Amino acid sequence: MTSTDDVTESKILLAEYDRLKEEQKTRIGFRDNLLYFTLAAATAVMAITVRSGQFRLLLSIPAICLILGWTYLVNDEKISAIGCYVRDRLGPRLGELTSAQGAVFGWEVYNRNVAGRTVRKRLQTAVDLFTYLVLPMVCTTAFWCSPVVQPVLMFASLGQTLALAVLGWQFLRRTEQ
């Protein structure tokens, strides 16, 4: 058993850092798996559509991409927020307490300044936009060109298209972060 004398602000901050990095690691794994799951789900729906000839099934792909795309974005935002918090708040506070020279959590700063980061972020955005915007829009367009377009489904697809545009804008807005 430890006494309360063993509890210091530095130890509390280090414990917070450990928990935040664990959450960040978990969110990164979940976010990355969402991309694979989205592609697998879209492929399955396309295969069922081709076999059955039921083109209206293609409209489930934009719905899948919207739901999983928003989930992907929320996790990505939390991952970035954790990094920002560690870099801008937690690290400097711990540095003050320990009189450290330089950044306490140097990786958080170094990782953002590594060569090629901007290109990698833009390429990742292109992959995200392809998965969560282009792919569902191709399916929507294929539905529009099919002989089974019904007014209710047409309105639903237009609503999905608007929602996809908002999702695409959110991906682009986050590219430079």
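An account of the accompanying structure is given in this report. Everything numeric here is computed off the predicted structure, so don't read it as measured data. (Residues numbered from 1 in each chain as written. Predicted model: local features only at pLDDT ≥ 70, side-chain atom pairs only at ≥ 80, totals over all residues. Heavy atoms only, no water.)

This part covers the overall build of the protein chain. Looking only at helices and strands, one finds five helices and zero strands in the protein chain. The linear arrangement of helices and strands in the protein chain, starting from the amino end, is α-α-α-α-α. Relative to its length of 177 residues, the protein chain is extended, with a C-alpha radius of gyration of 22 Å against a globular reference of 16 Å. Dimensions of the protein chain, computed from C-alpha atoms along their principal axes, come out at roughly 75 × 40 × 25 Å. In the protein chain, buried positions account for 33% of the 177 residues. When contacts within the protein chain are restricted to residue pairs at least 6 apart in sequence, long-range pairs at least 24 apart make up 77% of them. Carbon together with sulfur atoms contributes 65% to the accessible area of the protein chain, which is approximately 10900 Å² in total. Both charge centroids of the protein chain, one from 19 positive and one from 15 negative side chains, sit 10 Å from each other. (Helix = DSSP H or I, 4+ residues; strand = E, 2+ residues; numbered from the N terminus. Rg over C-alpha atoms; globule rule 2.2 N^0.38 Å. Buried < 20%, exposed > 50% of the residue type's maximum accessible area, 1.4 Å probe, protein only. Contact = heavy atoms within 4.5 Å. Areas by Shrake-Rupley, 256 points an atom, 1.4 Å probe, with all protein chains shown as cover. Lys, Arg positive; Asp, Glu negative; His and termini not counted. Charge placed at Lys NZ, Arg CZ, Asp CG, Glu CD.)

What follows covers the nonpolar core. Ile 61, Tyr 132, Leu 167 and Phe 171 are the most contacted members of the largest nonpolar core, which totals 21 residues. Put simply, the parts of the chain that give this core at least two residues each are helix 1 (9–52), helix 2 (60–98), helix 4 (117–144) and helix 5 (151–173). For this core, the element with the highest residue contribution is helix 2, accounting for six residues. Residues contacting Leu 167, with those up to four places away along its chain left out, are Cys 65, Leu 66, Gly 69, Trp 70, Leu 73 and Tyr 132. Counting eight residues, the second largest nonpolar core, distinct from the first, contains Tyr 17, Leu 20, Val 86 and Leu 90. (Core = buried A, V, L, I, M, F, W, Y, C linked by side-chain atoms within 4.5 Å.)

Among the surface-exposed residues, Trp 70, Leu 162, Val 166 and Trp 169 lie close enough to one another that they form a single nonpolar patch of about 430 Å² accessible area. Top element by residues in the nonpolar patch is helix 5. It accounts for three residues. Accessibility expressed as a relative area gives 35% for Trp 70, which makes it partly exposed. (Patch = residues over 30% accessible without salt bridge, like charges linked within 9 Å, V, L, I, M, F, W, Y side chains within 5 Å. Salt bridge = Lys/Arg side-chain N within 4 Å of Asp/Glu carboxyl O.)

The next thing to look at is helix 5. Working note: α-helix, 3.6 residues per turn, so residues spaced by three or four point in the same direction. The end-to-end C-alpha distance of helix 5, which contains 23 residues, comes to 33 Å, matching closely the 33 Å that a straight helix rising 1.5 Å per residue would cover. Listing the buried residues of helix 5 in full gives Leu 153, Ser 157, Gln 160, Leu 164, Leu 167, Gly 168, Gln 170 and Phe 171. Summarising the contacts, the buried residues of helix 5 are in contact with helix 2 and helix 4. (Expected span 1.5 Å × (residues − 1).)

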